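Summary of structural features
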Amino acid sequence: MNPTLFSVPEARTDLHKSIRDAIGRNFRPLAFYSDADRSLICLMGNDDTHQLDLLRFVAPEGGSYPSLTGLSSEFHMYERELWEETGLVPQSHPWLKPVRYPHNRPELVLKDHPFLAAASESMHEVAVGPVHAGVIEPGQFRFLCEGEDVHHLEIQLGYQHRGIRKLLETGDIRGKIHLAEAIAGDTAIGHGIAYCRAIEALCGADVPDAVHRVRAIALEMERAAMHLADLSALAGDIAYLTGLNYFAAVRTKVINLSLHVCGSRFGKRWLCPGGVNYGISSEKNRYMITTLSTIREDIRIMGTAMFNDSGVLSRFDGTGHVDAASIRDLHFVGMAARSGGVLRDGRKAYPFAPYELFPDSIVLPQGDVFARAFLRYKESLQSIDFCLKLLSDLPETPACTPKLPEPERDVIAASIVEGWRGEIVHLIRTDENGATLSYRIYDPSFHNWMALALAVRNNGISDFPVCNKSFNLSYCGNDL
């Protein structure tokens, strides 16, 4: 059913009533922002019925409106971003602070909205960043601690501005796959598929079934590779050196398969709107099946050893717990939700071919570092199994690079893809000439950074690295 093409709806004035009615029908927000004409766009989705509804509203007069977070706390991040970008004030918002460091409005950070502080002499602050060691991207973390115990973590992002949305809005939108792949470099396939599917909706492209299957194979290989990379890093954080080295080596085997198909270990240049730049021949199919079968056994052996090790379990069990109520209320998505007992999986909620064949999502109840690590292990196996299933009856698939028609005029295309971190949402609006009027992107990190802040509460500050790596959120995917 996804992607979806909407005619631009008439702007309504009943913002609160419309949103309240949608929430009453079990819809949740997937996007909420101010468009190029300053109207407010809200994409709502029902995970159970797989329905999407696009609403458009007149910009509130007077520069403010009653906060929608009072109707559903899932709006809290969207409203903070809307205020940051436009100055529209959501009245009675519980915690109105910028989502990102606003380079054009420094007073929001430096004067009106400082980091939280404690008056107690028994409390102290620990600042980390925004400049980090090595190749880590910039972000500032401010801990409020009593001794070694963390009472609160506040995260300030936005140092990684690249203007990527503006670049996507300039020129022919059909030739921007290289930008989509760079939204978050570790999610080149996830964002690439979201872009391709939105473009295909705009242009009315008919994509062959085999192409959908090749894309799904690429997406699940990316998921497995990144989960294995994080398992390696988590093992390193607790000095479990066998897991550190073994999972890193197996992850290399996965990304080398991508290199074998398209010339890039990260899947760049594999996709294109309407098709794929690199197909899978019968010879490559056989090689991939053999290699993935070996990889699956490697993962099983190391996972069994790691998650039966008492030292590993003593560091993971109960550390960085996030409860299911917070996950629902604060709109955490993807594996951050599924590891805490909440089913949020775009592959099942908003499926596209061939995900009607995908098995049930894995959901774990614990909500701690162990659950997030173990879910990575289980999902890696599940992704490899799905790739093997698709390859088993995949016909010879050559490259498919069709010339696409002109985009539809005065429409909005919405595309939802479950990347390895979670829900990726792309929305493109065209004007009366078919030119790109706006391009909106939501990476799952936009929602999930708050989950990290909750996870470290009541933990020792020395637990921060393992909590942080258990989410492995994206700075650049959030900052755009």
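The paragraphs below set out a description of the structure included in this document. None of the values given here were measured: they were computed from a predicted structure.

**With respect to the sheet that holds strand S8 (residues 140-146)**
Taking strand neighbours across the sheet as the criterion, the 3 strands line up as S7-S8-S9 in an open arrangement whose pairing is antiparallel. The open sheet has two edge strands, strand S7 (124-128) and strand S9 (149-156), and neither has a second partner. On average, adjacent strands in this sheet sit at an angle of 20 degrees to one another, irrespective of strand direction. Docked against the sheet, helix H15 (residues 445-455) engages S8 and S9, running at close to 160 degrees with respect to S9.

**What to know about empty space enclosed by the protein**
This structure, assessed with the given rule, holds 2 cavities of 30 Å³ or more. Looking at the largest cavity, its volume works out to about 150 Å³. For the lining of the largest cavity, the elements supplying multiple residues, two or more each, are helix H7 (209-237) and helix H8 (241-262). Its residues placed into classes, the lining of the largest cavity shows 9 nonpolar, 3 polar and 4 charged.

**Section: the pattern of salt bridges**
Taken as a whole and judged by the stated rule, the model has 34 salt bridges. Between Asp 37 and Arg 429 there is a salt bridge, with the nearest N and O atoms lying 3.2 Å from each other. Here Arg 429 lies in strand S13 (residues 423-430) and Asp 37 lies in the loop between strand S2 (28-34) and strand S3 (40-46), a separation of 392 residues in the sequence. Residue Asp 37 is classed as partly exposed on the basis of its relative accessible area, which comes to 37%. Between Glu 81 and Arg 440 there is a salt bridge, with its nearest N and O atoms 3.0 Å apart. Here Glu 81 is found in helix H2 (residues 76-86), whereas its partner Arg 440 is found in strand S14 (residues 436-442), with 359 residues between them in sequence. Residue Glu 81 is classed as buried on the basis of its relative accessible area, which comes to 2%.

**Focus on the nonpolar core**
One finds Phe 141, Ile 217, Trp 270, Met 306, Phe 316 and Leu 452 to be the most contacted residues of the largest nonpolar core, which totals 105 residues. With 13 residues, the single largest contributor to this core is H7. Filtering out sequence-adjacent residues up to four positions away, Leu 452 remains in contact with Phe 141, Leu 153, Ile 155, Phe 464, Cys 467, Asn 468 and Phe 471.

**Quick notes on the packing of helix H14 (residues 369-392) against helix H16 (residues 464-471)**
Between H14 and H16, whose axes approach to 9 Å, the crossing angle comes to 40 degrees. Crossing handedness for the pair H14 and H16: left-handed. Seen from H14, the contacting residues are Val 369, Arg 372 and Arg 376; seen from H16, they are Val 466, Cys 467, Lys 469, Ser 470 and Phe 471. Grouping the constituent residues of the contact of H14 with H16 by class yields 4 nonpolar, 1 polar and 3 charged.

**Let's talk about the side chain of Asn 459**
Of note, Asn 459 is situated in the loop between H15 and H16. Using a relative accessible area of 11% as the deciding quantity, one classes Asn 459 as buried. Side-chain polar atoms of Asn 459 contact the backbone oxygen of Arg 457, separated by 2.9 Å.

How each quantity is defined
Residues numbered from 1 in each chain as written. Predicted model: local features only at pLDDT ≥ 70, side-chain atom pairs only at ≥ 80, totals over all residues. Heavy atoms only, no water. Pairing = 2+ DSSP bridges. Helix = DSSP H or I, 4+ residues; strand = E, 2+ residues; numbered from the N terminus. Axes fitted to C-alpha atoms, helices over the stretch in contact; angles between N-to-C directions. Contact = heavy atoms within 4.5 Å. 1 Å grid on protein atoms, 1.4 Å probe; cavity = no way out; pocket = protein on both sides within 12 Å on 5 of 7 lines; lining within 4 Å. Points joined across faces, edges and corners; volume = space filled by probe spheres on them. Nonpolar A, V, L, I, M, F, W, Y, C, P; charged D, E, K, R; others polar. Salt bridge = Lys/Arg side-chain N within 4 Å of Asp/Glu carboxyl O. Buried < 20%, exposed > 50% of the residue type's maximum accessible area, 1.4 Å probe, protein only. Core = buried A, V, L, I, M, F, W, Y, C linked by side-chain atoms within 4.5 Å. Left-handed = near helix turned anticlockwise from the far one by under 90°. Polar contact = N/O pair within 3.5 Å; in protein donor to acceptor, adjacent residues only side chain to side chain.

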